[in-house]
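Survey of secondary and tertiary structure
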Amino acid sequence: MTQRAHIDTEGPDPARQGTALDAGPGAGSRHPATPAVAALGLSTAEVAERVARGEVNDVPVRSSRSVIDIVRANVLTRFNLIIGVLWVIMMFVAPWQDTFFGYVILANTGIGIIQELRAKKTLDNLAVIGETRPTVRRDGRAAEISTSEIVLGDLIEIGPGDKIVVDGACVETDSLEVDESLLTGEADPVVKKPGDVMMSGSFVVAGGGAFTATKVGREAYAAQLAEEASRFTLVHSELRSGISTILKYVTWLMVPTSIGLVISQLVVKNDEFKESIAYTVGGIVPMIPEGLVLLTSMAFAIGVIRLGRKQCLVQELPAIEGLARVDTVCLDKTGTLTEGGMDVTEVRPLHGADEAYVTKVLGALGESDPRPNASLQAIIDAYPDSEEWRCIESLPFSSARKYSGASFSEGDGETSTWLLGAPDVLLPAADALLDEIEDLNHQGLRVLLLARGGTDLDAPDVSAGARPHALVVLEQRLRPDASDTLRYFEEQSVQAKVISGDNAISVGAVAAKLDLPGAERTVDARTLPKEQGEMAEALDANAVFGRVTPQQKRDMVGALQSKGHTVAMTGDGVNDVLALKDADIGVSMGSGSEATKAVAQIVLLNNSFATLPSVVAEGRRVIGNITRVATLFLVKTVYSVLLALLVVCTQVEYLFLPRHLTLLSTLTIGVPAFFLALAPNKERAKAHFVRRVMRYAIPGGIIAALATFSTYLLARAHYAGAGAREAETSAATLTLFLIAMWVLAIIARPYTWWRVCLVAAMGTGFLLVMVVPWLQDMFKLKLVGATMPWSAVGIAAAAAVLVEVAFRWVDRRFPA
C-alpha cells in the first residue's frame, strides 16, 4: 500500500511558529521551519547546538524526595528539638544512665532515615522502568528518547494514549483529537489542525500526528504538573493528618504541664539541684510520643519497598493507605480482566458478501491505522494487507464513536468507504441481526460489524446508511489470575464493578466466566439515568456495565462517591483517564497509555491485576498496625501528663528518673511497636483515626496514672530513712510496668505464637532488671521488703481489670 492515511503536512502559520520558537533563549537569530524541514525534524547538528545553548527539557522529575529532604524531615522535628535540649541538659547534670532517652531518639531517627532512603531507591528504580519515552523525529528517522532529552524545536510524534510532555505547535495531524480536560476542565476532545497549540499535560484520544516543541524545561506546564504528581510524599493522608492533630493537642498539654512541673520540683521543693533537674526531665520526656511519627514513616516506607519487589510503583505514598480504605473497585474489562491480545475466531459474511473480498477489506482497514487497538491488531495478524489497495482517508477509532473507518482506492479505479465497530451502534435498534450478535455475546465473544459506508468520512453522521457486510468474531484472552483476584475482593467485602465500553452482554459473559458476583446483572450504560442519585442506585444494584462512554465512567465514579463509597478505578486506555483522575485511587497498568500512568497513583508495572490484593493488604497492614501502636504511645502520653499534674497539685517529688521511663517505654512500647507495626494485618481500614485511638488512650492513661500515683503515695507512707526514695520509685515503676504490659497484651490480640513470645520477652526483660544486681544499680530500681511490692502488684492487677472493662465498654459505647 503506497499511502496509509491522509496527512496534513502544511506547516503551521509562520507568525505563530515564529512567535513560539522565539520564546526560547537565544532564539532571536532563528526563523520558522519550512514544512519540508519540519517533516524531517531536527538534524543531529541542530540538536547539539540546542543542547549547548541549554535548550533542553532538563526538569528533574523526581519520584521521591531528595536525600537532604529525607534527612531534614526525620531530624528537624518539633519533638526532636525538645528532646535534644533536654538531652544536652541531662548530659551535664545527671549520670549517663539518665541520658538513654537521647540515644533511643538517635536510633529511631536513624532507622527512619535508612528505611526512607531504601524506599527512595526502590521508587527511583521503578520510575525509570515506567518512564515516559516519547517518539521524536530527527534526521527524518523516528526514535524513542527520554523526556529529558527533548530539545527546543524537536518534532514529536503522537498517537492515541500519548501524553503531551512539552508545549508545542501542531505540524502534522491525522484526525487528531486531544483531551485537555486535566488542564481546562473541558471534557470534550479538541480537534487539532496544523498550527494549533499543543498544551503539555493533555493527551491524545484519537488520531495521530506530530508537533514541534516550543517550550521545554521549566517553562513547559507539564514539567510542573509531572513533578508535583509523581513526587514521593508522606503528607495529605488521614493517618498522618490524624497523628499531626494528636501531636498538636499534646503540645498544648505539655507546655503548661512542664512549666508547672519545673516550678514544683525546682522552686517549691528544696531538693539537691541536679537531682531535681533529673526528676523534672523524667516528667517531661515521657509526655512526648517521640517514636510515633517515625514509626509511621517507616511503616509506609517499608510498604513501598515490599510493593516495589512486586513491580508496583506507588506514585503517591498515601495511595497505599487509600486503597486499604476502598470498598468499591471499578474494573475496566480490557487489559484488566482480559489480556491485551485477542484472536479472530470467525468472519461471517452477510447478505451474500464474498468472503475473499471481505478479508481483503479487513486487511486494508488494518493497514490504514498506524496505531491499531487490540481488536484491529487481531485483524491485522489474521489478514495481511493487499498492496493494490490505497488508503485515501482514515477515521481513527474513538471510544465516543465506538467505530473506526477508512476510504480506499481499490486499484481498479473504484473507491469505497468502510466502517468497523460496534454492531449495536452501526445498526438500527430493531435490526434482526442484533439477535444473532447477542447469542455470540452471551458466549463471551466480542463481535465487530464491517459495514460499507454510504457517505464520506467527514460527514456529520458517517454511519448513516452503512450497509452490513460481515461480522468479525473475536475471542478475548482471560487473565489467568483474574478469578482469584475477584474472589479476594469478595472475601474482603470490596464490591467489584466491571465498567467497559464493550457490549454489555459480552462483558457480562466474561465476568461470569471469572465467577464475578452479580455477573448476571448486566446493564447497557446507555439506559442509565443521568441524575446522579438515580445513577448511584443503579450502580449499587448491579455489577456489570457495558457500552460506557469515557464521560460516563467519570460520572459513575462520582455517583458512587456521592453514596459514601471509597472508589478505586483500574484502567489502561485513554478512555479511562477521566475516571482514574476522579477516583479516590487510580490504578494503571504498566503497559497502559502514558496518559493513564500520568494520572494514576499506583502503576502495576508487571501488568498483573493479581498485584492489587498485595497493595490492599499492604495498606491494611500499615493503617491497622499504626492504629494499634498509636494507642500504646498515647496511653503513655496521657498517663505522663496526668502524673505530672498530680505531682504539681500534691507538691511531692516526681516519681521517676528518665532512665525508669526509658526502660518502661522500651519494653512496653518501643520494641513491641516495631514488631506490631510490621506484622500482617487484614483488618479493613476504618475512618476517624483520631477518635479510634483516643477512645482507648484516654481511659487507659487515666487508670494507669491514678493506679501508679496511688502506689507511690502508699510507698511514701510505708518507707522511711535512707534508700526510701529508690524503694518508692521501684514500687511505682512495678505498678506502671504491669499496667502497661496489660495494655500491650490487649493491643497484641488476637494472639499468635510470636505475639505471645513478644509479650513474654518484654516481661522477662523487666524481670531481669529487677533481679540482676548490676542492672538494679544501673536503673536504680530495687524492691524492698514484701508488703509494698505485693501491694504494687495488687493495685496493678485491679487497674488491669479496670482497663479491660473500660476498653470493652468503649467498644460498645463508641464503636469504630
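Moving on, we come to the overall build of the protein chain. When helices and strands are counted, the protein chain shows 29 helices and 21 strands. Here the protein chain holds 816 residues, and 58% of them are scored as buried. Taking all contacts inside the protein chain whose residues are at least 6 apart in sequence as the whole, residues at least 24 apart take part in 74%. Counting only carbon and sulfur atoms, one obtains 59% of the accessible surface of the protein chain, whose full area is about 32500 Å².

Turning our attention to the environment of M589. If you trace the backbone, M589 turns up in strand β20 (residues 585-589). Taking the C-alpha atoms as reference points, M589 and F609, 20 residues apart in sequence, are found 8.1 Å from one another.

Turning our eyes to something else, we now look at a negative patch on the surface. Taken together, the side chains of E531, E534, E537 and D540 define an acidic patch exposed on the protein surface. Following the sequence through the fold, E531 ends up in the loop between β17 (522-524) and α19 (532-541). By relative accessible area, E531 is classed as partly exposed at 45%.

Remark: the empty space left among the atoms is shown by a probe the size of a water molecule rolled over them. Tallied over the full model, the rule gives 2 cavities of 30 Å³ or more. Size it by volume and the largest cavity reaches roughly 50 Å³. What lines the largest cavity is simply L632, V635, K636, Y639, T668, I669, A740, V743 and L744. When residues of the lining of the largest cavity are assigned to their parent elements, the largest contribution, 4 residues, is made by helix α23 (residues 612-650). Looking at the lining of the largest cavity residue by residue, the class counts come to 7 nonpolar, 1 polar and 1 charged.

This part is about the pairing of strand β9 (residues 328-331). Neither face of β9 is exposed, since T328 and C330 on one face and V329 and L331 on the opposite face are all buried. Two strands pair when backbone bridges link them, and β9 and strand β16 (residues 495-499) are joined in this way by 4 bridges, in the parallel orientation. In the sheet register, T328 faces β16, and the bridge partner there is Q495. Sheet topology note: the β9/strand β19 (residues 567-571) ladder contains 3 bridges and is parallel.

Here we come to the confidence of the model for the protein chain. With 86% of its residues at a pLDDT of 70 or more, the protein chain has an overall mean of 80. Predicted confidence for residues 225-236 stays below pLDDT 50, and this span has 37 contacts to residues more than four positions away or in other chains.

Turning our attention to unusual backbone geometry. In this model, R749 is joined to P750 through a cis peptide bond whose omega is -5°. As for its placement among the helices and strands, P750 is situated in the loop between α26 (724-747) and α27 (753-771). Positive phi, close to 55°, is recorded for R547, a residue that is not glycine. Mapped onto the elements, R547 comes out in the loop between β18 (544-546) and α20 (550-562). For R547, a relative accessible area of 7% translates into the label buried.

Right, let's get into the packing of α23 against helix α25 (residues 689-718). The N-to-C vectors of α23 and α25 enclose an angle of 40°; their axes lie 7 Å apart at closest approach. Judged by the inter-axis angle, α23 sits oblique to α25. Considering only the axes of α23 and α25, their crossing is right-handed. Here the contact of α23 with α25 is built from residues that sort into 21 nonpolar, 6 polar and 1 charged.

With that settled, the discussion passes to the packing of helix α24 (residues 658-677) against α27. At their nearest, the axes of α24 and α27 sit 10 Å apart, and the two run at 160° to each other. One finds that α24 runs roughly antiparallel with respect to α27. Seen from above, α24 lies across α27 with right-handed handedness. In this structure, α24 uses L663, L664, L667, V671, P672, F675 and L676 to contact α27, whose residues at the interface are W754, R755, L758, M762, G765, F766 and V769. Class assignment for the residues of the contact of α24 with α27 results in 12 nonpolar, 1 polar and 1 charged.

Moving on to helix α16 (residues 433-442). Turning to α16, its buried residues number three or more, namely L433, L434, I437, L440 and N441. Along α16, the residues classed as buried sweep out an arc of 115° about the axis, all on the same side. Residue G444 follows α16 closely and has a positive phi angle near 80°.

Attention now goes to the nonpolar core. Of all hydrophobic cores here, the largest spans 90 residues; its most connected members are I626, L643, L655, F656, F766 and F779. Look past the residues within four positions of F766 in its chain and what remains in contact with it is L663, L664, L667, T733, L734 and F737. By size, the runner-up hydrophobic cluster in this structure holds 39 residues, among which are I320, L337, Y488 and V544.

This brings us to the pattern of salt bridges. Charged atoms that come close allow side chains of opposite charge to pair. Taken as a whole and judged by the stated rule, the model has 21 salt bridges. In this structure, R138 engages D154 in a salt bridge whose closest nitrogen and oxygen atoms are separated by 2.6 Å. In this pair, R138 is assigned in strand β1 (residues 135-138) and D154 in the loop between β2 (141-144) and β3 (155-158), connecting sequence segments 16 residues apart. Each member of the pair, R138 as well as D154, carries the same accessibility label: buried. In this structure, R716 and E653 form a salt bridge, with 2.6 Å as the shortest nitrogen-oxygen distance. With R716 in helix α25 and E653 in the loop between α23 and α24, the pair connects residues that are 63 residues apart, well separated along the chain. Residue classification places R716 among the partly exposed positions, given a relative accessible area of 31%.

Together, V88, M91, F92, Y103 and L106 line one region of the surface with nonpolar side chains, adding up to about 550 Å² of accessible area. Contributions of two or more residues to the nonpolar patch are made by α5 (78-93) and α6 (100-129). Take the nonpolar patch: its biggest share by element is 3 residues, from α5. Position of Y103 relative to the elements: it lies in helix α6. Classification of Y103 by relative accessible area gives partly exposed; the value is 46%.

For the rest of this paragraph, the subject is the environment of S640. Residue position: S640 is located in helix α23. Note on S640: relative accessible area 1%, which makes it buried. Between the C-alpha atoms of S640 and G701, which are 61 residues apart in sequence, the distance is 8.0 Å. If we skip the residues at most four places from it in the chain, S640 touches P286 and M287.

So, about the sheet that holds β19. Spatially, β8-β21-β20-β19-β9-β16-β18-β17 is the arrangement adopted by the 8 strands of the open sheet, whose pairing is mixed. For this open sheet the edge positions go to β8 (312-314) and β17, each flanked by a neighbour on one side alone. Averaged over all pairs of adjacent strands, the angle between strand axes in this sheet comes to 20°, irrespective of strand direction. Here β20 pairs with strand β21 (residues 602-604) via 3 bridges, running parallel. If you follow S588 over to β21, its bridge partner there is V603. Strand contacts of helix α18 (residues 504-513): β16, β17 and β18, with the helix running at about 145° to β18, the strand carrying the most contacts.

Moving on, we come to the side chain of S588. Among the secondary structure elements, S588 is positioned in strand β20. Residue classification places S588 among the buried residues on the basis of a relative accessible area of 1%. For S588, the contacting residues outside a window of four places in its chain are G571, T596, K597, A600, I602, V603 and L604.

Analysis parameters
- Residues numbered from 1 in each chain as written.
- Predicted model: local features only at pLDDT ≥ 70, side-chain atom pairs only at ≥ 80, totals over all residues.
- Heavy atoms only, no water.
- Helix = DSSP H or I, 4+ residues; strand = E, 2+ residues; numbered from the N terminus.
- Buried < 20%, exposed > 50% of the residue type's maximum accessible area, 1.4 Å probe, protein only.
- Contact = heavy atoms within 4.5 Å.
- Areas by Shrake-Rupley, 256 points an atom, 1.4 Å probe, with all protein chains shown as cover.
- Patch = residues over 30% accessible without salt bridge, like charges linked within 9 Å, V, L, I, M, F, W, Y side chains within 5 Å.
- Salt bridge = Lys/Arg side-chain N within 4 Å of Asp/Glu carboxyl O.
- Lys, Arg positive; Asp, Glu negative; His and termini not counted.
- Charge placed at Lys NZ, Arg CZ, Asp CG, Glu CD.
- 1 Å grid on protein atoms, 1.4 Å probe; cavity = no way out; pocket = protein on both sides within 12 Å on 5 of 7 lines; lining within 4 Å.
- Points joined across faces, edges and corners; volume = space filled by probe spheres on them.
- Nonpolar A, V, L, I, M, F, W, Y, C, P; charged D, E, K, R; others polar.
- Pairing = 2+ DSSP bridges.
- pLDDT = per-residue confidence, 0-100.
- Axes fitted to C-alpha atoms, helices over the stretch in contact; angles between N-to-C directions.
- Parallel < 35°, antiparallel > 145°, perpendicular 65-115°, else oblique.
- Left-handed = near helix turned anticlockwise from the far one by under 90°.
- Arc of directions from axis to C-beta.
- Core = buried A, V, L, I, M, F, W, Y, C linked by side-chain atoms within 4.5 Å.

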